[in-house]
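Tertiary structure, described
Here are the chains, one letter per residue:
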Amino acid sequence: MITDLKRIANIHTGFTIRESVSYLADGDTKLLQSKDLPSNNHEINDITGLSLVDWRYDSDPQYLKQGSIVLLARGNPKAYVFRGSVSDKVTVGHIFVIINLTTADVNPEYLAWFINKSSMAKEHFGINSTGSVLNMTSISTVRDLPVLIPSLAEQDGIIKRNQQTKHDIEIMKRMIELRQEYNHAYNDQLLSNIQNTQLESK
């Protein structure tokens with residue numbers, strides 16, 4: 001089944017923080033910023049380093065929920081799954097779009113993968129993004145994203161294969177690092193042996 005994202009999720013933009021984060025410091029609301037996003041995966045697990053802000057606005061903050069999809073709307077769209085809960089009191093700024101699924105037929109992790117990796121999503125965002133220097137993804141573009149929904153078992157299979165690929169890439173990176181370390185040590189030893197041989201021949 002293919003349906004627009006707006007039919008299976010509540011979608012809203014982050015809050016526009018008018019003051020500097022330092023001015024609002026020392027509150028009990030945690031503010032997720034682009035610098036806090038993980039670089040090696042698409043899950044938001046660690047919130048210990050988030051800035052604490054004093055919420056000084058009339059409207060209540062819209063805290064992230066367990067399974068919320070946090071979409072970075074500036075630059076190439078990137079989706080992250082929030083693994084915390086409302087009790088963590090985490091909110092986001094206006095450069096994010098928040099997606100909260102309203103159906104149990106879609107796994108949040110699958111939706112994040114779909115947004116980040118599927119050709120359907122890439123084509124949709126590529127056609128509809130704005131900005132000549134830095135791409136911006138509007139909330140209307142996110143709402144109109146066509147989402148292909150396979151069965152939960154098929155979604156789980158996609159997630160597991162994606163996780164396995166990430167694991168394999170990490171192993172390959174480590175093997176390359178070990179090979180580089182070995183070659184460096186071997187070459188150093190080779191040069192040392194050549195130098196010692198030349199000294200002994202004098």
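Look above for the structure.
Residues numbered from 1 in each chain as written. Predicted model: local features only at pLDDT ≥ 70, side-chain atom pairs only at ≥ 80, totals over all residues. Heavy atoms only, no water.

Scanning all chains against the criterion turns up nine salt bridges. One salt bridge in this structure joins Lys-6 and Asp-144, with 3.0 Å as the shortest N-O distance. Of this pair, Lys-6 sits in the loop between strand 1 (2–4) and strand 2 (9–13) while Asp-144 sits in the loop between helix 3 (139–143) and strand 10 (146–148), placing them 138 residues apart in sequence. A relative accessible area of 41% places Lys-6 in the partly exposed class. Since its relative accessible area comes to 36%, Asp-144 is described here as partly exposed. Taken together, the salt bridges that share partners define one network made up of Glu-43, Arg-83 and Glu-109. (Salt bridge = Lys/Arg side-chain N within 4 Å of Asp/Glu carboxyl O. Helix = DSSP H or I, 4+ residues; strand = E, 2+ residues; numbered from the N terminus. Buried < 20%, exposed > 50% of the residue type's maximum accessible area, 1.4 Å probe, protein only.)

Each aromatic ring pair is characterised by the separation of its centres together with the angle its planes make. One pass over the structure, following the stated rule, counts four aromatic pairs. Centre to centre, the rings of Phe-15 and Trp-55 are 4.9 Å apart; their planes meet at 55 degrees, and the pair counts as tilted. Of the two residues, Phe-15 is situated in the loop between strand 2 and strand 3 (25–32) and Trp-55 in the loop between strand 5 (51–53) and strand 6 (69–72); the sequence distance between them amounts to 40 residues. Classification of Phe-15 as partly exposed rests on a relative accessible area of 23%. Aromatic ring contacts, followed pair by pair, group Tyr-110, Trp-113 and Phe-114 into a single cluster. (Phe/Tyr/Trp six-rings, centres within 6.5 Å; stacked < 30°, edge-to-face > 60°.)

What follows is about the pairing of strand 7 (residues 78–82). In terms of burial, strand 7 is largely enclosed, as four of its five residues are buried. Both strand 4 (residues 43–44) and strand 7 contribute to a ladder of two bridges, which runs parallel. Bridge pairing links Ile-44 to Phe-82 in strand 7. Relative to strand 7, strand 6 runs antiparallel, the two sharing four bridges. Pairing of Ile-69 across the sheet is with Val-81, part of strand 7. Between strand 6 and strand 7, which pair antiparallel in sequence order, lie five residues; one of them, Gly-75, sits at a positive phi of approximately 80 degrees. (Pairing = 2+ DSSP bridges.)

Nonpolar side chains in soluble globular proteins tend to be buried together. Of all hydrophobic cores here, the largest spans 25 residues; its most connected members are Leu-5, Ile-69, Ile-99, Leu-111, Ile-115, Val-142 and Leu-145. When residues of this core are traced back to their parent elements, those giving at least two are strand 2, strand 6, strand 7, strand 9 (96–101), helix 1 (108–117), helix 2 (119–128) and helix 4 (152–201). Among the elements that take part in this core, helix 1 stands out by supplying five residues, more than any other. Core analysis: the next-biggest nonpolar cluster, separate from the first, contains 15 residues, Phe-82, Val-90, Ile-95 and Ile-98 among them. (Core = buried A, V, L, I, M, F, W, Y, C linked by side-chain atoms within 4.5 Å.)

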